[in-house]
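Structural description and commentary
Chain residues, written in single-letter form:
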Amino acid sequence: MASRLNPYISFSGDARQALEFYRTVLGGTLNVSTFGEFGSEAPPGYEDKVMHGMLETPSGYTLMGADTPPGMEHRPGTNFSVSLSGDDGDELRGYWEKLSQGGTVAVPLEKQMWGDVFGMCVDKFGVTWMVNITEQG
């Protein structure tokens, strides 16, 4: 899979409803994973909340989103990130190194409970970036 760049929107508990709405607007296939699907890792009361949702449209658009987990602030109007994802680890690690340099790392780029390598940072211009490297299995 080639690397891709797309918006990632944070929601305040209604990510599933929003992503389903966007599917009615844009068409396509929606895949949703809940916090509860990862068992004991789910924050209390978040078992049915969206940990990650991805809408892929027939026009080639990809829109991702999730419910904001406890302990993180949800700020409407600034509740988006830019996501870089794919399976080219070298390419994506190179982007990560450049984007995080001079910025703030919120989540170090490392293997996560869903099996991929993931990191989140805010670049030196205040833009939030997420990098997800799909692990080949």
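Residues numbered from 1 in each chain as written. Predicted model: local features only at pLDDT ≥ 70, side-chain atom pairs only at ≥ 80, totals over all residues. Heavy atoms only, no water.

Going through the model one piece at a time under the given rule, you end up with three aromatic pairs. Where Trp-114 meets Phe-118, the ring centres are 5.5 Å apart and the plane angle is 65°; that geometry is what we call edge-to-face. Looking at Trp-114, the relative accessible area reads 33%, which means it is partly exposed. (Phe/Tyr/Trp six-rings, centres within 6.5 Å; stacked < 30°, edge-to-face > 60°. Buried < 20%, exposed > 50% of the residue type's maximum accessible area, 1.4 Å probe, protein only.)

Another point: the sheet that holds strand β7 (residues 117-122). Within the open sheet, the eight strands sit side by side as β2-β3-β4-β1-β5-β8-β7-β6. Their pairing is mixed. Strand pairing shows two members of the sheet lacking a second neighbour, β2 (29-34) and β6 (104-111), which therefore form its edges. The average undirected angle you get between the axes of adjacent strands in this sheet is 20°. Note that strand β1 (residues 4-11) and strand β4 (residues 62-67) share four bridges and pair parallel. Bridge pairing in β4 links Phe-11 to Asp-67. Packing against the sheet, helix α1 (residues 15-26) makes contact with β1, β2, β3 (50-56) and β4, and its axis sits at approximately 5° to β3. (Pairing = 2+ DSSP bridges. Helix = DSSP H or I, 4+ residues; strand = E, 2+ residues; numbered from the N terminus. Axes fitted to C-alpha atoms, helices over the stretch in contact; angles between N-to-C directions. Contact = heavy atoms within 4.5 Å.)

Moving on, we get to the side chain of Asp-67. Its place among the elements puts Asp-67 in strand β4. Among the polar contacts made by the side chain of Asp-67, one reaches the main-chain amide nitrogen of Asp-14 at a distance of 3.1 Å. Looking at Asp-67, its side chain comes within polar contact range of the main-chain nitrogen of Ala-15, at 3.0 Å. Those residues in contact with Asp-67 that sit more than four places away from it in its chain are Phe-11, Ser-12, Gly-13, Asp-14, Ala-15, Phe-35, Lys-49 and Val-50. (Polar contact = N/O pair within 3.5 Å; in protein donor to acceptor, adjacent residues only side chain to side chain.)

It is worth stressing that arrangement in space is one thing and function is another; only the former is reported here.
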